[in-house]
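# Notes for the structure review
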Amino acid sequence: MPSDSSTASNMPDDRKLAVLMATYNGARDLPAQLESFVTQTRRPDLILVSDDNSQDETRQILAQFAQEQPAIAVKVIDGPCNGAAQNFLNLLRNTPDWVDVIALSDQDDVWMPEKLQRGLDLLGQKPDSDVPLLYCGRSWECDEVLGNQRLSRGMPGQASFGHALVQNVAGGNTMMLNRPALDLARAASFEAGEIVVHDWWVYQIVSGAGGHVLFDDTPFILYRQHGNNLIGANRGMRAKIKRLRMLVSGGFRKWNTLNIAALSASRHRLTPENRALLERFDRERNQGLFRRLRLVAAGRLYRMGMAGTLSLYLAALLGRL
């Protein structure tokens, strides 16, 4: 993916764009995120918010923003109050039919002015509009006051369903979907049941159904890190130790079990090849040591980087796939 931002087209773009934001007690950082929507070079046509019964001033902030920005439609719906992942699925299910492209948003980041236009430009480079497209990319990981910025991990390998089964591709706060990808995810959301996190599941269902993943190496988001992050950046020695403990204790295996169940409920949406891979993963991760190691060694399942590869083999060795 090109690392410059010179992808804008001179052709008029009449695609309707919606930002989908899940909120829960986000009053502290929400104004900065909303302001970054206003400063976009391509403003959204709709900001759809699913609020999980916030007890702070979140709803009042959203109402005031809607009054101050009449050119942007703002709609707030009640969330399911069943965790962040289900709150985002609620947004997918309630996106109006007239929307062509969606951008997923957290409540506490700050977007750079070119973020939405960049995603629209790259999604528009694929001529076949019937193919589900997922745009995502890197971000600037920051502290609570947006300082100490560092670039998030890139994508050294190829995005695919085999990768999606065992590792996420990027943060959901960078993701944008075209209409076919939205229709796919919305339909599958009614089948999925419990999922680990919404962005990982979106990557799985889009890649599994034969969609294309566009990873942008240029960051357009200030990704605020704090104690309330659902997942966070997962960087540094402490995060690595935490992930290792989760793997050894069976947490990674539990995640895989949930993901497999959600994807199996939508198996008819997967390509035949990816459906077979899902079934093989589900079957052979429960077999003996040789079968588990062979599953990883075959290369159809893979994680990025040396550490990721070693962790996958360790999971197979310990029976924690």
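Only a predicted model underlies this, so the values are computations on that prediction, with no experimental measurement involved.

### With respect to the pairing of strand β3 (residues 73–78)
Strand direction decides the pairing type here: strand β2 (residues 46–51) and β3, joined by 6 bridges, are parallel. When the bridges of β3 are listed, L48 appears paired with K75. On the question of chirality, the crossover connecting β2 to the parallel β3 by way of helix α2 (residues 58–68) is right-handed.

### Notes on the packing of aromatic side chains
In the structure shown here, the tally under the stated rule is 2 aromatic pairs. Lying across the ring of F190, R93 places its NZ or CZ 5.1 Å from the centre. Over the aromatic face of W111 sits the side chain of K115, whose NZ or CZ is 4.9 Å from the ring centroid.

### What about the pattern of salt bridges?
As enumerated under the stated definition, the model contains 19 salt bridges in all. Taking the shortest distance from any N to any O, the salt bridge between R28 and E144 comes out at 3.2 Å. Here E144 lies in the loop between β7 (140–142) and β8 (150–151) and R28 lies in the loop between β1 (17–23) and α1 (30–38), a separation of 116 residues in the sequence. Assessed through its relative accessible area of 38%, E144 is described here as partly exposed. Because the salt bridges share partners, they merge into one network encompassing R28, D29, E144 and R224.

### Topic: the sheet that holds β2
Backbone-to-backbone hydrogen bonds join strands into a sheet, with any given pair of strands oriented parallel or antiparallel. Read across the open sheet, the 7 strands follow the order β3-β2-β1-β4-β9-β6-β10; overall the sheet is mixed. At either margin of the open sheet sits one strand with a lone partner, and together these are β3 and β10 (212–216). Strand-to-strand, the axes of this sheet are offset by a mean angle of 20 degrees, without reference to chain direction. Along the sheet, helix α6 (residues 179–192) makes contact with β4 (101–105), β6 (133–137) and β9 (176–178), crossing β9 at roughly 100 degrees. This element, helix α7 (residues 198–208), spans β4, β6, β9 and β10 of the sheet and lies at about 135 degrees to β6.

### Remarks on the confidence of the model for the chain
The predicted coordinates of low-pLDDT regions are not to be read in fine detail. Predicted confidence across the chain gives a mean pLDDT of 92, with 92% of residues reaching 70 or more. Predicted confidence is poor over residues 1–9, with pLDDT under 50, and the contacts of this stretch with residues over four places away or in other chains come to 21 contacts.

### Examining the sheet that holds β8
One open sheet holds the 4 strands; their spatial order is β5-β11-β7-β8, and the pairing between them is mixed. Single-partner strands in this sheet number two, and they are β5 (110–111) and β8. Bridge count between β7 and β8: 2 bridges; the pairing is antiparallel. Looking at β8, one finds that W140 is bridged to L151.

### Focus on helix α4 (residues 115–123)
Burial of α4 is extensive: 8 of the 9 residues sit out of reach of the surface. For α4, every residue scored as buried is listed here: K115, L116, R118, G119, L120, D121, L122 and L123.

### Overview of the side chain of R138
Inspection of the secondary structure assignment puts R138 in the loop between β6 and β7. Engagement of the side chain of R138 in a polar contact is seen with the backbone oxygen of S152, the distance being 2.8 Å. When near neighbours in sequence (up to four residues on either side) are disregarded, R138 contacts L151, S152, R153, G154, T174, F215, D216, D217, T218, P219 and F220.

About the cut-offs
Residues numbered from 1 in each chain as written. Predicted model: local features only at pLDDT ≥ 70, side-chain atom pairs only at ≥ 80, totals over all residues. Heavy atoms only, no water. Pairing = 2+ DSSP bridges. Helix = DSSP H or I, 4+ residues; strand = E, 2+ residues; numbered from the N terminus. Right-handed = clockwise from strand over helix to strand, strands pointing away. Phe/Tyr/Trp six-rings, centres within 6.5 Å; stacked < 30°, edge-to-face > 60°. Lys NZ or Arg CZ within 6 Å of the ring centre and 35° of its normal. Salt bridge = Lys/Arg side-chain N within 4 Å of Asp/Glu carboxyl O. Buried < 20%, exposed > 50% of the residue type's maximum accessible area, 1.4 Å probe, protein only. Axes fitted to C-alpha atoms, helices over the stretch in contact; angles between N-to-C directions. Contact = heavy atoms within 4.5 Å. pLDDT = per-residue confidence, 0-100. Polar contact = N/O pair within 3.5 Å; in protein donor to acceptor, adjacent residues only side chain to side chain.

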